[in-house]
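So you can see what is in the structure, the chains are spelled out below.
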Amino acid sequence: MWLHESRIEVDAPAAAVWARFADVAGWKRWNAGVAECSLHGAFADGGEFDMRLPDGSEFRSRLFDVVEGRSFADETQVGEHRVRVWHRIDPLDVARCRVAYQAEVEGPDAAGVGNAVTDDFGDVLAALKRDVEFAA
């Protein structure tokens, strides 16, 4: 199993970050790695979303461990690999929070797939921070 975590502090309330997470169709506004994304069902355990990347590749992911206002995870099958990504918001005080992405990859080339999946985590978190702080 391969693991990686990235995190960033955001000068905005946790609720502002959660609003961005729950707006699946809006992910493309702050995540350059998303061309289109659509949610099927609720933003809750068992919900699914389809994502198209800028290179045209597409996949479907399933939501699990959704805790409204705090965290969610998604699971995607990529060939022989199972990719799980946790998205967590930890309030620091009423006006600030820490956002963390943690990826877990299982499969024959877990490190290769994991590095490809997480290569942009720092950029994505920085863009999320800018988007949330700009609106705050």
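Bear in mind that the values here come from a model prediction, so they are computed numbers and not experimental data. (Residues numbered from 1 in each chain as written. Predicted model: local features only at pLDDT ≥ 70, side-chain atom pairs only at ≥ 80, totals over all residues. Heavy atoms only, no water.)

> What exactly am I supposed to notice about the nonpolar core here?
In globular proteins that are soluble, nonpolar side chains generally tend to be buried together. Of all hydrophobic cores here, the largest spans 33 residues; its most connected members are Val17, Phe21, Trp27, Val99 and Tyr101. Where this core is concerned, the elements lending two or more residues are strand 1 (2-10), helix 1 (14-22), strand 3 (48-52), strand 4 (58-67), strand 6 (81-93), strand 7 (96-106), helix 2 (110-118) and helix 3 (121-135). The contact partners of Phe21, leaving out residues within four places of it in the chain, are Trp27, Trp30, Phe43, Phe72, His87, Ile89, Val99, Tyr101 and Leu128. (Core = buried A, V, L, I, M, F, W, Y, C linked by side-chain atoms within 4.5 Å. Buried < 20%, exposed > 50% of the residue type's maximum accessible area, 1.4 Å probe, protein only. Helix = DSSP H or I, 4+ residues; strand = E, 2+ residues; numbered from the N terminus. Contact = heavy atoms within 4.5 Å.)

> For this particular structure, what's the right way to read the layout of surface pockets?
By rolling a water-sized probe across the atoms, one finds the places where empty space is left. Taken as a whole, the largest pocket encloses approximately 680 Å³ of empty space. What lines the largest pocket is a set of 28 residues, among which Met51, Leu53, Phe59, Val117 and Asp120 lie closest to the centre. For the lining of the largest pocket, the elements supplying multiple residues, two or more each, are strand 3, strand 4, strand 5 (71-78), strand 6, helix 2 and helix 3. Broken down by element, the lining of the largest pocket gets its largest block of residues, five residues, from strand 5. Among the residues forming the lining of the largest pocket, the class breakdown is 17 nonpolar, seven polar and four charged. (1 Å grid on protein atoms, 1.4 Å probe; cavity = no way out; pocket = protein on both sides within 12 Å on 5 of 7 lines; lining within 4 Å. Points joined across faces, edges and corners; volume = space filled by probe spheres on them. Nonpolar A, V, L, I, M, F, W, Y, C, P; charged D, E, K, R; others polar.)

> I keep staring at helix 2 and nothing clicks. Help me out?
An α-helix turns once every 3.6 residues. As a result, residues three or four positions apart point the same way. Three or more residues of helix 2 are buried, namely Ala110, Val113, Gly114 and Thr118. Angular distribution of buried residues about the axis of helix 2 spans 120°; they occupy a single face of the element. Where helix 2 is buried, its residues contact strand 1, strand 6, strand 7 and helix 3. (Arc of directions from axis to C-beta.)

> Looking at this structure, how should I read the environment of Ala16?
In this structure, Ala16 sits in helix 1. In sequence terms Ala16 and Val117 are 101 residues apart; their C-alpha atoms lie 25 Å from each other.

> Teacher, can you tell me more about the side chain of Glu75 here?
With respect to the helices, strands and loops of the structure, Glu75 is situated in strand 5. A polar atom in the side chain of Glu75 sits 2.6 Å from the side chain of Arg84. Sequence-distant contacts of Glu75, that is, excluding residues within four places in its chain, are made with Arg60, Ser61, Arg62, Phe64, Arg82, Val83 and Arg84. (Polar contact = N/O pair within 3.5 Å; in protein donor to acceptor, adjacent residues only side chain to side chain.)

> When you look at the packing of aromatic side chains in this model, what are you seeing that I'm missing?
Two numbers describe a pair of aromatic rings. These are the distance of the centres and the angle of the planes. With the rule as written, the count across this model stands at eleven aromatic pairs. Both rings, one in Trp18 and one in Phe21, keep their centres 6.4 Å apart while their planes meet at 75°; by these two values the pair is edge-to-face. In this pair, Trp18 and Phe21 are both assigned in helix 1, three residues apart and thus about one turn of the helix distant. Judged by its relative accessible area of 1%, Phe21 is buried. Here Trp27 and Phe72 contribute two aromatic rings whose centre-to-centre distance is 6.2 Å and whose plane-to-plane angle is 20°, an arrangement assigned as stacked. A residue pair is termed long-range when its members are at least 10 positions apart, and Trp27 in the loop between helix 1 and strand 2 (36-40) and Phe72 in strand 5 qualify at 45 residues. Comparing Trp27 with Phe72, the two get one shared label, buried. The structure contains a cluster of three or more aromatic residues connected by ring pairs, namely Trp18, Phe21, Trp27, Trp30, Phe43, Phe49, Phe72, Tyr101 and Phe121. (Phe/Tyr/Trp six-rings, centres within 6.5 Å; stacked < 30°, edge-to-face > 60°.)

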